[in-house]
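What follows is each chain in one-letter form.
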Amino acid sequence: PSHTYTSSGNFDVQLISYNSFGSDTLIYPNFIQVNLAASLPVASSCSPITQFPGSFNCGITEFQFGNYIKTSSNSIEGYADFTCDSIGVFAGQFYSLLAVHNTNSTLSQNFSMWIDLNNNGIFEVPGEEIYSNIQADSSVAIIQIPTVATLNTPLRLRIMADNSFSGGLNPCSNPNNGQAEDYTIFITIDT
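Being a predicted model, the structure only gives us computed values, none of them experimental. (Residues numbered from 1 in each chain as written. Predicted model: local features only at pLDDT ≥ 70, side-chain atom pairs only at ≥ 80, totals over all residues. Heavy atoms only, no water.)

Visitor: Would you explain the pairing of strand E11 (residues 179–188) in this entry?
Guide: Residues in a regular strand point their side chains to alternate faces of the sheet. Most of E11 is tucked away, with 10 of its 10 residues classed as buried. Alternating positions in E11 separate into two faces, Gln179, Glu181, Tyr183, Ile185 and Ile187 on one and Ala180, Asp182, Thr184, Phe186 and Thr188 on the other, with burial throughout. Strand direction decides the pairing type here: strand E5 (residues 80–90) and E11, joined by 8 bridges, are parallel. Within E11, the residue paired with Val89 across the bridge is Ile187. (Buried < 20%, exposed > 50% of the residue type's maximum accessible area, 1.4 Å probe, protein only. Helix = DSSP H or I, 4+ residues; strand = E, 2+ residues; numbered from the N terminus. Pairing = 2+ DSSP bridges.)

Below, the structure written as structure tokens:
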């Protein structure tokens with residue numbers, strides 16, 4: 001099957017199968033995210049640079065948010081701009097988060113996630129910090145999308161991990177051994 005989308009948004013996929021023995025239906029909510037505007041979020045006021053790329057094997061190797069999944073190398077990549085990828089979500093709804101930031105050493109890492117909710121290019125702390133976790137190998141949570149976000153506009157989402165002895169994370173600080181990644185998030189109202 002194929003379908004041409006004529007508007008931006010999140011769309012469910014439904015599969016119905018049947019034969020002489022019966023039928024079954026699967027529904028995948030918000031499985032398709034469409035951004036016909038094809039525009040990127042406002043440029044960030046900063047782009048963190050990893051000070052010692054690849055050291056201690058720190059960094060983010062997997063990021064899952066809702067139905068979106070991205071794997072990447074660790075801090076050997078340094079800052080990674082994945083804003084060409086768009087994550088579609090609904091304001092006020094809950095989404096699962098998984099970020100794998102494990103190392104091959106005994107070091108644990110701090111992790112944080114921010115969304116530029118007002119689309120001004122600045123991650124305002126603490127209001128736009130959506131999640132943080134300290135001294136862990138991965139971060140797992142259920143995140144509620146704020147209803148105060150700018151809607152129907154590509155927004156910048158930033159995640160960052162760094163070794164725990166570096167202290168708390170700031171969206172514009174340069175991680176010592178970890179890395180930062182940026183994504184596009186598109187927040188709409190669930191009608």
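Structure's up, so let's keep going.
Visitor: Would you mind going over a nonpolar patch on the surface with me for this structure?
Guide: A cluster of nonpolar side chains, contributed by Leu15, Leu26, Tyr28 and Phe31, occupies part of the molecular surface with about 390 Å² of accessible area. Per-element tally for the nonpolar patch: the top contributor is strand E2 (residues 22–34), with 3 residues. As for its position among the elements, Leu15 is in strand E1 (residues 9–19). (Patch = residues over 30% accessible without salt bridge, like charges linked within 9 Å, V, L, I, M, F, W, Y side chains within 5 Å. Areas by Shrake-Rupley, 256 points an atom, 1.4 Å probe, with all protein chains shown as cover. Salt bridge = Lys/Arg side-chain N within 4 Å of Asp/Glu carboxyl O.)

Visitor: Explanation requested: the sheet that holds E5 in the structure shown.
Guide: Taken in spatial order, the 5 strands of this open sheet run E5-E11-E10-E7-E8, and their pairing is mixed. Two strands close off the open sheet at either side, each with one partner strand: E5 and strand E8 (129–136). Strand-to-strand twist in this sheet, taken as the mean axis angle between neighbours without regard to direction, amounts to 20 degrees. Of the strand pairs in this sheet, strand E7 (residues 109–115) and strand E10 (residues 154–163) are connected by 7 bridges, and their pairing is antiparallel. Paired with Trp114 across the two strands is Arg158, which belongs to E10. (Axes fitted to C-alpha atoms, helices over the stretch in contact; angles between N-to-C directions.)

Visitor: Please clarify how the state of the cysteines should be interpreted in this entry.
Guide: Structurally, a disulfide amounts to a covalent bond that connects the sulfur atoms of two cysteines. The final tally for this structure, using the stated rule, is 1 disulfide. Put simply, Cys46 and Cys172 are joined by a disulfide, and their sulfur atoms are 1.8 Å apart. As the torsion about the S-S bond is roughly -65 degrees, the Cys46-Cys172 disulfide counts as left-handed. Of this pair, Cys46 sits in the loop between E2 and strand E3 (62–65) while Cys172 sits in the loop between E10 and E11, and the two are 126 residues apart along the sequence. Of all cysteine sulfurs in the structure, the one in Cys46 sits closest to Cys84, which takes part in no disulfide; the separation is 19 Å. (Disulfide = S-S within 2.5 Å.)

Visitor: What's the story with the packing of aromatic side chains in this structure? I'm lost.
Guide: Geometry of an aromatic ring pair is reported as the spacing of the ring centres plus the angle between the planes. Counted under the stated rule, the structure contains 7 aromatic pairs. Every member of this aromatic cluster is reached through a ring pair, and the members are Phe63, Phe65, Tyr68, Phe82, Tyr95 and Tyr183. (Phe/Tyr/Trp six-rings, centres within 6.5 Å; stacked < 30°, edge-to-face > 60°.)

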